[in-house]
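Structural overview
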Amino acid sequence: MVDSFKPVQISEYFLRQIAAGLKKEIYDSLFKQIFEILNTNSIYNDKKTLTNAIQSGRIFYENGAFRSSKPFSNAVADELEKLGAKYRNGAYYIDRAFLPVEIENALAIVAARETAKIAALNGLLARLAATVGEETAVKLFIAKAVERMFKKLQVDLEKSTKERKVPVIDISVDIPEIDIADTDFQKIDEYHQLTKEERKNLEVPKLNLDEVVIDKRAKKIAQDYTYNMDYWVKNWKAKEIATMRRDVFDMVQSGARTDTIKKYFQTRWGIAERKAEFLARNESGIASSVLKATHYQDMGCTHFKWLRSTSKEKRKLHEEYYNKIFPFNDPPIIDERTGQRGLPGQIYNCRCDLVGIKNPQYYINKKRIENAKRNIFTKIKYAIQNSTQRNNYPWRYRRFGQGA
């Protein structure tokens, strides 16, 4: 017998798959096309002339000076100095009226290209806003990964609760001695006498999730999980596109270059990646806690034990619940700001876990026994430390059966 069912957690492998699928869905349907428009030419002319440097985007003219995100090459610096540009604070200053025709033409080509990119970007964002809810192949991949994750969780739950009984400690009666059968030891000896090949034949074959039939409850939870993620992605993309269009308009009005706009979208993509990872883990925690609770209640559990969080960031309120017992029909407060009650994992960024308790009285009696033992040993320790015969060596030896 065991004191509780073995805790079961969702598979990190499937969590990573879902998070990767969400990232790919967001990138392919939104950011990929944006970066294709904004990416500048990556091939530069070997001659390193000023005209080629301007057209390649390595340097640009802004606020009366030629600037660059990288150090100026010697060839470009020499040509700028020949034009009469003065180096100051990391830039070469020269009035645009003194620039030769070929340099003006290069700047005009770059300006036209920048304008075309901004126009293409605005058109793309408008089209994306109109096609936010379109189905993609990635969504099917996510739905498949979600179903497989809940199949694995279903199998693990059934395995952890199969033929496992929670003991009953009755402190009012004597506990009888239990005889250990010799057959268990004989089986161990027989196992170690087998060859490696014979042991392999005894091993349980690997689980094939494609052959597992997901029950209606787990399937419903998986479908709700997929719907919630799809709903979040659609709403997030709609709001994100509206924000991007407004920010791009403001940047263009302030004279920002496409390099600045590209950095802005790289920042937004970084935020989207973190949101996708958070969503995959958060929704998985909520859905898995519901499946666990219903499974344990089907097993006859009326209570659950709150297990420690695996996250580095822990809520102080939840730390007070560790290893405590709560009824399923009256869970504790999980958010002290709103007074929301629920199970472990049902609030954002909570990685606490639960395990079903079939007999809560077991833990109450177990705690009483632990407290009784602690009190007995405390009293013995106190009696020894305060004994008048503590320094009497013959008495000390007699205590351990070593004296006369």
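Read on for an overview of the structure. (Residues numbered from 1 in each chain as written. Predicted model: local features only at pLDDT ≥ 70, side-chain atom pairs only at ≥ 80, totals over all residues. Heavy atoms only, no water.)

1. So, the side chain of Ser-160
Worth spelling out the cut-off: Secondary structure is summarised from DSSP: a helix means a run of H or I of at least four residues, a strand means a run of E of at least two, and numbering begins at the N terminus for each. As used in this structure description, the phrase polar contact means that two N or O atoms lie within 3.5 Å; if the pair is within protein, one of them must be able to donate a hydrogen and the other to accept it, and residues adjacent in sequence are counted only when both atoms belong to side chains. Any pair of residues with heavy atoms lying within 4.5 Å of one another is described as a contacting pair.
Turning to its location among the elements, Ser-160 is positioned in helix α5 (residues 137–161). Within the structure, Ser-160 has its side chain in polar contact with the backbone oxygen of Leu-157 (distance 2.9 Å). Among residues more than four places away in sequence, those in contact with Ser-160 are Phe-5, Lys-6 and Val-8.

2. Overview of the pairing of strand β5 (residues 303–307)
How we decide: Classification of residues uses two cut-offs on accessible area relative to the type maximum, computed with a 1.4 Å probe and protein chains only: under 20% is buried, over 50% is exposed, and between them is partly exposed. Should DSSP find at least two bridges between two strands, the strands are taken to pair.
Counting buried residues along β5, 4 of its 5 residues qualify, which places the element largely inside the surrounding structure. Pairing geometry for β5 and strand β6 (residues 325–327), over 3 bridges, is antiparallel. Bridge assignment links His-303 to a residue of β6, and that residue is Pro-327. In the sheet, β5 pairs with strand β9 (residues 353–357) via 5 bridges, with the strands oriented antiparallel. Across the sheet, Leu-307 pairs through a bridge with Asp-353, a residue of β9.

3. Let's talk about the packing of helix α4 (residues 101–130) against helix α8 (residues 216–253)
Our working definition: Fitted lines through C-alpha atoms serve as axes, helices being fitted only where they are in contact, and the angles separating the N-to-C directions of these axes extend from 0 to 180 degrees. Here the angle decides the label: under 35 degrees means roughly parallel, over 145 means roughly antiparallel, 65 to 115 means roughly perpendicular, and every other value means oblique. With the far helix as reference, a near helix turned anticlockwise by less than a right angle produces a left-handed crossing, and one turned clockwise produces a right-handed crossing.
One way to put it is that α4 packs onto α8 with a least axis distance of 10 Å and a crossing angle of 160 degrees. As far as their axial angle goes, α8 and α4 are roughly antiparallel. Crossing of α4 against α8: the hand is left-handed. Of the residues in α8, those in contact with Ile-118, Leu-121, Asn-122, Leu-125, Ala-126, Leu-128 and Ala-129 of α4 are Ile-241, Met-244, Arg-245, Val-248 and Val-252.

4. Comments concerning the sheet that holds β9
Strand order in the open sheet formed by 3 strands is β6-β5-β9, and the pairing between neighbours is antiparallel. In this open sheet, the two strands that pair with only one neighbour each are β6 and β9. Strand-to-strand, the axes of this sheet are offset by a mean angle of 35 degrees, without reference to chain direction.

5. Let's talk about the environment of Ile-34
One can find Ile-34 in helix α1 (residues 12–38). Placed 88 residues apart in sequence, Ile-34 and Asn-122 show a C-alpha to C-alpha distance of 9.7 Å. Leaving out residues up to four positions away in the same chain, Ile-34 has contacts with Leu-121, Leu-124, Leu-125, Met-244 and Phe-265.

6. Points about the sheet that holds strand β3 (residues 86–88)
Strand order in the open sheet formed by 4 strands is β1-β2-β4-β3, with antiparallel pairing between adjacent strands. Every other strand in the sheet has two partners, leaving β1 (59–62) and β3 as the edge strands with one partner each. Direction aside, neighbouring strands of the sheet carry axes that sit 30 degrees apart on average. As paired strands, β1 and strand β2 (residues 65–68) are joined by 4 bridges and run antiparallel to one another. Within β2, the residue paired with Phe-60 across the bridge is Arg-67.

7. Regarding the packing of α4 against helix α9 (residues 258–298)
When two helices pack together, their arrangement is given by the angle between their axes and by how far apart the axes lie. Running from N to C, α4 and α9 cross one another at 35 degrees; their axes reach a closest spacing of 10 Å. Counted together, Glu-114, Lys-117, Ile-118 and Leu-121 of α4 and Thr-258, Ile-261 and Phe-265 of α9 form the full contact between these two elements.

8. Here we look at the state of the cysteines
To be explicit about the condition: Disulfide: a pair of cysteine sulfur atoms within 2.5 Å of each other.
Per the stated rule, a full pass over the model turns up 0 disulfides. In this model Cys-350 remains outside any disulfide bridge; the closest cysteine sulfur is found in Cys-352, 3.8 Å from its own. With relative accessibility at 8%, the residue Cys-352 sits in the buried group.

9. Some thoughts on α9
Going by this rule: Here the expected length of a helix is defined as 1.5 Å per residue gap, with one fewer gap than residues.
Its 41 residues place the ends of α9 59 Å apart at the C-alpha level, agreeing with the 60 Å of an ideal helix rising 1.5 Å per residue. At the exit of α9 stands Gly-300, carrying a positive phi of roughly 95 degrees.

10. Comments concerning the pattern of salt bridges
As a reminder, the rule being used: Within this document, salt bridges are pairs made up of a side-chain nitrogen of Lys or Arg and a carboxyl oxygen of Asp or Glu, the two lying within 4 Å of each other.
Applying the stated criterion across every chain yields a total of 15 salt bridges. Residues Arg-281 and Glu-12 are paired through a salt bridge, measuring 3.0 Å at the closest nitrogen-oxygen approach. You can see Arg-281 sitting in helix α9 and its partner Glu-12 sitting in helix α1, a full 269 residues away along the chain. Between Asp-224 and Lys-220 there is a salt bridge, with the nearest N and O atoms lying 2.8 Å from each other. Taken together, the residues span about one helical turn, with Asp-224 and Lys-220 both in helix α8 at a distance of 4 residues.

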